[in-house]
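Chains, contacts and geometry: an overview
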Amino acid sequence: MNEATKPCDHAGCNCQIPISRDFCSESCRMASESQNVGGACECGHAACQQRT
Ligand SMILES: [Zn+2]
Ligand SMILES: [Zn+2]
């Protein structure tokens, strides 16, 4: 009910995740590790589907 959340650690990601996690998905983890932060998030979650 009162679960704390934080933004995904991937700079380009808008997802909110439990504070016990670092990333919302494997795609964000890999993008962050490869420092591929310039492009759009590819996690596929609704919060990040910004392309038209
Ligand atoms: Zn995302
Ligand atoms: Zn994410």
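The coordinates are above.
If you're wondering where the values come from, they're calculated on a predicted model, not measured in any experiment.

Checked against the element boundaries, D9 lands in the loop between strand 1 (5-7) and strand 2 (16-18). Remark: the alpha-carbon pair of D9 and S32, spanning 23 residues in sequence, is separated by 7.9 Å. Other than its neighbours up to four places away in sequence, D9 contacts D22 and F23.

Further remarks concern the pattern of salt bridges. With the rule as written, the count across this model stands at two salt bridges. A salt bridge links D9 to K6, with the nearest nitrogen and oxygen atoms 3.0 Å apart. When its relative accessible area of 41% is taken as the criterion, D9 is described as partly exposed. A salt bridge links E26 to R29; its shortest N-O distance comes to 3.2 Å. One end of the pair is E26 and the other is R29, both in helix 1 (residues 26-33) and three residues apart, which spans about a single turn.

Before going further, it helps to spend a moment on the coordination of the zinc ion (ligand 1). Taken together, C13 (SG), C41 (SG), C43 (SG) and C48 (SG) make up the protein donors of the zinc ion (ligand 1), found 2.3 to 2.4 Å from the metal. Relative to the metal, the four donor atoms surrounding the zinc ion (ligand 1) lie at angles of 99 to 131°, and the coordination shape comes out tetrahedral. Mapped onto the polypeptide sequence, the residues donating to the zinc ion (ligand 1) form the spacing pattern C-x27-C-x1-C-x4-C. Between the two metal centres, the zinc ion (ligand 1) and the zinc ion (ligand 2), the spacing is 3.5 Å, with C13 acting as a shared donor. Here C41 falls in the buried class, since its relative accessible area comes to 8%.

Reading the values: rules and limits
- Residues numbered from 1 in each chain as written.
- Chains lettered and ligands numbered in written order.
- Predicted model: local features only at pLDDT ≥ 70, side-chain atom pairs only at ≥ 80, totals over all residues.
- Heavy atoms only, no water.
- Helix = DSSP H or I, 4+ residues; strand = E, 2+ residues; numbered from the N terminus.
- Contact = heavy atoms within 4.5 Å.
- Salt bridge = Lys/Arg side-chain N within 4 Å of Asp/Glu carboxyl O.
- Buried < 20%, exposed > 50% of the residue type's maximum accessible area, 1.4 Å probe, protein only.
- Donors = N, O, S within 2.8 Å, 3.2 Å for Na, K, Ca; no water.
- Tetrahedral: all angles 85-135°; square planar, octahedral: opposite > 155°, others 65-115°.

By themselves, these figures tell us nothing about what the structure is for.
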